[in-house]
Amino acid sequence: MTVPPPMDPPPVEDCWNRIGIWGDETPRCERLVDLVHCHNCDVFARAGRSLFDRPAPAGYLEEWARMLALEKEQRQARTLSLVVFRVADEWLALPTSVFREITDPRPIRRVPRRRAGGLVAGLVNVRGEIHPCVSLAVLLGLAAPQAEAAVDRLVLPRIAVVESPSGRWAFRVDEVAGLRRVAPEQLREVPSSVSRDRAAFSRALLDGAKGESVALLDELLLFRALDRGVAEP
Amino acid sequence: MSGDTGLALDLRVGTSRYAVDVRDVVEIVPFVPVAPVPRSPDHVLGLLGWRGEALPVIDLGLLLHDRRCEALLSTRMVVVEYVARDGERQRLVLVAERVTDTLRRERTHPIPLRDDGAPALGEVLVDGEEKVRFLRVERLVSEELRATLLEERLPADDGEGGTS
């Protein structure tokens, strides 16, 4: 298993964050008068494209080659779009709509007077915005994984940013399996044998790509627990 | 196949721009390693194991400009489909740089084409100050070359090995 080091994006002049639609500096960008939004601007488009002018991360192309060699999966009737990810040894899912960003790992800064190993792992900077970074493993009571099992696929840890009614949360995931569309009949009820903490947040179970069980988390319960948990000292 | 949308895929080799009609494009994928085919022309990188098929891979850099496409994320493989002379649908993989954009025909101006003996190159459009040359995907690989490549064809599940 190889985990490539986080890649630094090439330096770009992020005018959109200063004088553009996401910035608050004055004077405003003159182009906005005509273009209305930075999305319509070729400076913004060029900067986005430049992100692709770098070598592929290690293992990325090999993973794609393997995927391409396989027959394409038949798509099913779709109703619910989920992001499937792994924390410790558990595969979990949340609705795609709550995700704002999934990005390369970056430093998590400890917060003073928070004990290590608590719910709040620290603060994390994603595109200049500071988000509280919480530990789903702590919230869901997941044990740290046994010795990392040898895997034949590329495993990339990520930082996910999700939007809750009270603001954005970041959390670290050990792996993102990707987007999944599931039909309601593919969801199963959570059996009572599942440990209490996890069951409390799980709305349903579904089968992962390799037959593993994926717990679909109830995002509202999760966000409420985060609000409560972070308010505690 | 759907009707003409006027949309074309923008490809580059260095600073030269080319285009392929989006109706010919099946899939765009990263520039993955391919299995080389012995005794094939330089611009044929090899065969790509693709969805259970083995497809010939053409490096447009080597074919048109005698230089390899750079190995960047923006360099991609474009799986194209065309109808061969015998009426059969054939698929082919093109490697080109800066495969990040599309262009619209109605925003460009066609300019008259003189026959310069390059059968794979078609219509020329002017986009702003740059010229864009359309590729005739059905002319990129001759029937003979295709036959040779297919003779050497590896089982599709070996197609992923290669020149990493």
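Residues numbered from 1 in each chain as written. Chains lettered and ligands numbered in written order. Predicted model: local features only at pLDDT ≥ 70, side-chain atom pairs only at ≥ 80, totals over all residues. Heavy atoms only, no water.

Draft legend 1. Here's a closer look at the pairing of strand β6 (residues 129-134) of chain A. Residues and elements named next belong to chain A. Two elements, strand β5 (residues 120-126) and β6, share six bridges in a ladder whose sense is antiparallel. Each residue of the ladder has a partner; that of L123, found in β6, is P132. The turn joining β5 and β6, which pair antiparallel and follow one another in sequence, is formed by two residues; a positive phi near 50° is taken by R127. Of the pairings in the sheet, the one linking β6 to strand β8 (residues 167-173) comprises two bridges and is parallel in character. (Pairing = 2+ DSSP bridges. Helix = DSSP H or I, 4+ residues; strand = E, 2+ residues; numbered from the N terminus.)

Draft legend 2. Representation of the side chain of B:Q90 within the structure. Residues and elements named next belong to chain B. Secondary-structure assignment places Q90 in strand β7 (residues 89-104). Look at Q90 and you get buried, because its relative accessible area is 12%. The residues contacting Q90, other than those within four sequence positions of it, are V80, E81, Y82, A84 and R146. (Buried < 20%, exposed > 50% of the residue type's maximum accessible area, 1.4 Å probe, protein only. Contact = heavy atoms within 4.5 Å.)

Draft legend 3. Just the sheet that holds strand β9 (residues 175-182) of chain A, in detail. Residue and element names in this part refer to chain A. Within the open sheet, the five strands sit side by side as β9-β1-β2-β11-β10. Their pairing is mixed. With one partner strand each, in any of the chains shown, β9 and β10 (202-207) form the two edges of the open sheet. Neighbour-to-neighbour, the strand axes of this sheet turn through a mean angle of 30°, independent of strand direction. In terms of strand pairing, strand β1 (residues 80-87) meets β9 through seven bridges, oriented antiparallel. Within the sheet, the bridge partner assigned to S81 lies in β9 and is R181. (Axes fitted to C-alpha atoms, helices over the stretch in contact; angles between N-to-C directions.)

Draft legend 4. Region of interest: the pattern of salt bridges. All names here are of chain B. This model, assessed by the stated rule, comprises 24 salt bridges over all chains. R23 serves as the salt-bridge partner of D21, at 3.0 Å between the closest nitrogen and oxygen. Accessibility expressed as a relative area gives 7% for D21, which makes it buried. Residue R51 is joined to E27 by a salt bridge in which the shortest nitrogen-to-oxygen separation is 2.5 Å. With R51 in the loop between β4 (44-50) and β5 (53-59) and E27 in strand β3 (residues 25-30), this residue pair connects regions lying 24 residues apart in the sequence. (Salt bridge = Lys/Arg side-chain N within 4 Å of Asp/Glu carboxyl O.)

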